[in-house]
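Take a look at the letters that make up each chain.
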Amino acid sequence: KKMFSRIITAGLLASFFLVLTLYLEIYFIHFVFTIIALYSIFELVKLSGKSTLNQLLSCILSIILMYLLFIQTSHNTVLYLSYFAFLLWSLVLISLLFKITFIKKIIQQNSNLIGIGIILLAWYLLLNYGTTLSTHNIKPSEESTRLYYIFTIVLVSLCDTSGYIIGKNFGTKKLCIEISPKKTYEGLIASILVPLIIFYLFFIIYLSLPLLIRDIIFITICCVYCTIGDLFISLIKRHHNVKDSGILLPGHGGVLDRIDSYLPIIAIIQIWLFI
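Cut-offs used in this document
- Residues numbered from 1 in each chain as written.
- Predicted model: local features only at pLDDT ≥ 70, side-chain atom pairs only at ≥ 80, totals over all residues.
- Heavy atoms only, no water.
- Helix = DSSP H or I, 4+ residues; strand = E, 2+ residues; numbered from the N terminus.
- Expected span 1.5 Å × (residues − 1).
- Buried < 20%, exposed > 50% of the residue type's maximum accessible area, 1.4 Å probe, protein only.
- Phe/Tyr/Trp six-rings, centres within 6.5 Å; stacked < 30°, edge-to-face > 60°.
- Patch = residues over 30% accessible without salt bridge, like charges linked within 9 Å, V, L, I, M, F, W, Y side chains within 5 Å.
- Areas by Shrake-Rupley, 256 points an atom, 1.4 Å probe, with all protein chains shown as cover.
- Salt bridge = Lys/Arg side-chain N within 4 Å of Asp/Glu carboxyl O.
- Pairing = 2+ DSSP bridges.
- Axes fitted to C-alpha atoms, helices over the stretch in contact; angles between N-to-C directions.
- Parallel < 35°, antiparallel > 145°, perpendicular 65-115°, else oblique.
- Left-handed = near helix turned anticlockwise from the far one by under 90°.
- Contact = heavy atoms within 4.5 Å.
- Nonpolar A, V, L, I, M, F, W, Y, C, P; charged D, E, K, R; others polar.

A. Region of the structure containing helix α6 (residues 111-127). Here α6 contains 17 residues, and its C-alpha end-to-end distance of 24 Å stays within 8% of the 24 Å for a straight helix at 1.5 Å per residue. Most of α6 is tucked away, with 14 of its 17 residues classed as buried.

B. Representation of the packing of aromatic side chains. Applying the stated criterion to the full structure yields 13 aromatic pairs. For the pair W89 and F232, a centre-to-centre distance of 5.1 Å together with 75° between the ring planes defines the contact as edge-to-face. Of the two residues, W89 sits in helix α4 (residues 75-97) while F232 sits in helix α9 (residues 213-239), which places them 143 residues apart along the sequence. The buried category is assigned to W89, whose relative accessible area is 2%. Relative to W272, the ring of F218 lies with its centre 4.3 Å away and its plane at 10°, an arrangement referred to as stacked.

C. View of a nonpolar patch on the surface. On the surface, L53, L57, I60, L61, I64, L65, Y67, L68 and I71 cluster together into a nonpolar patch covering about 870 Å² of accessible area. Among the secondary structure elements, I71 is positioned in the loop between α3 (52-70) and α4.

D. Structural detail: the pairing of strand β2 (residues 180-184). For strand β1 (residues 174-176) and β2, the ladder comprises two bridges, and the chain directions are antiparallel. Residue pairing across strands places K174 opposite T184, the latter belonging to β2. Counting the residues in the hairpin turn of β1 and β2 gives three residues.

E. Just the packing of helix α7 (residues 142-170) against helix α8 (residues 185-206), in detail. The interhelical angle for the contact between α7 and α8, taken along N-to-C directions, is 140°, at an axis separation of 7 Å. Overall, the two elements α7 and α8 adopt an arrangement that is oblique. Taken as a pair, α7 and α8 cross one another with a handedness that is right-handed. Here α7 contributes F151, V154, L155, L158, C159, S162, G163, I166, G167 and F170 to the contact with α8, which in turn contributes E186, G187, A190, S191, V194, P195, I198 and F199. Looking at the contact of α7 with α8 residue by residue, the class counts come to 12 nonpolar, five polar and one charged.

Next comes the structure, spelled out in structure tokens:
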């Protein structure tokens, strides 16, 4: 039952955002992304048991930081922050891969500060998709920005759904049992292979274009970091003894539970566009 509701919710959300990115004005899309980021911050602070006043203050502070970030937008700022975000996520990956406990403790003990920072970074970079292209004297069009959004939504949806279905039904070897007991290596492999196969077929059959080696590497990295984003939020929830960040989305929990996989790959896509 939970699997069914999770798949239905994921499908409806993906469809909603695909329609959003295809037909609405960019400024309205950005407004929706901003609301999602603020609500995610609200859920994050709530996890730690802070009062409603602290949750509201965190959101107000985040709005101020959003404004300060937004007025400083330039392709160099976006690029540097993309590399900085990727460095942070790589530290999370290394700590999980090699079981470096002190990094985990730092994340857990400063979960609000680090979590808010990472959400704001992802929000800022998402609103500036394609800005790094200006380094190559290419001005991003509204159409190309929409395509980047669609690519991100489809990629994360494929990763999450394939990893969840295969992991739940065929997974036996646990990936990171102390953080997320249901994550398995089989699910991780599926979350990489399924998107790769689908994008490969899409490029070859529909677009009649080859999928280059660098593109395959890029998609693989994105898929791996999708799981890292999921594990990062799970690490914070585990620290606070909470299963879900909220109850807003059936089968998923809260908004933060749904956007966790997006948080790392937004920076990776920005870097890929620059390279």
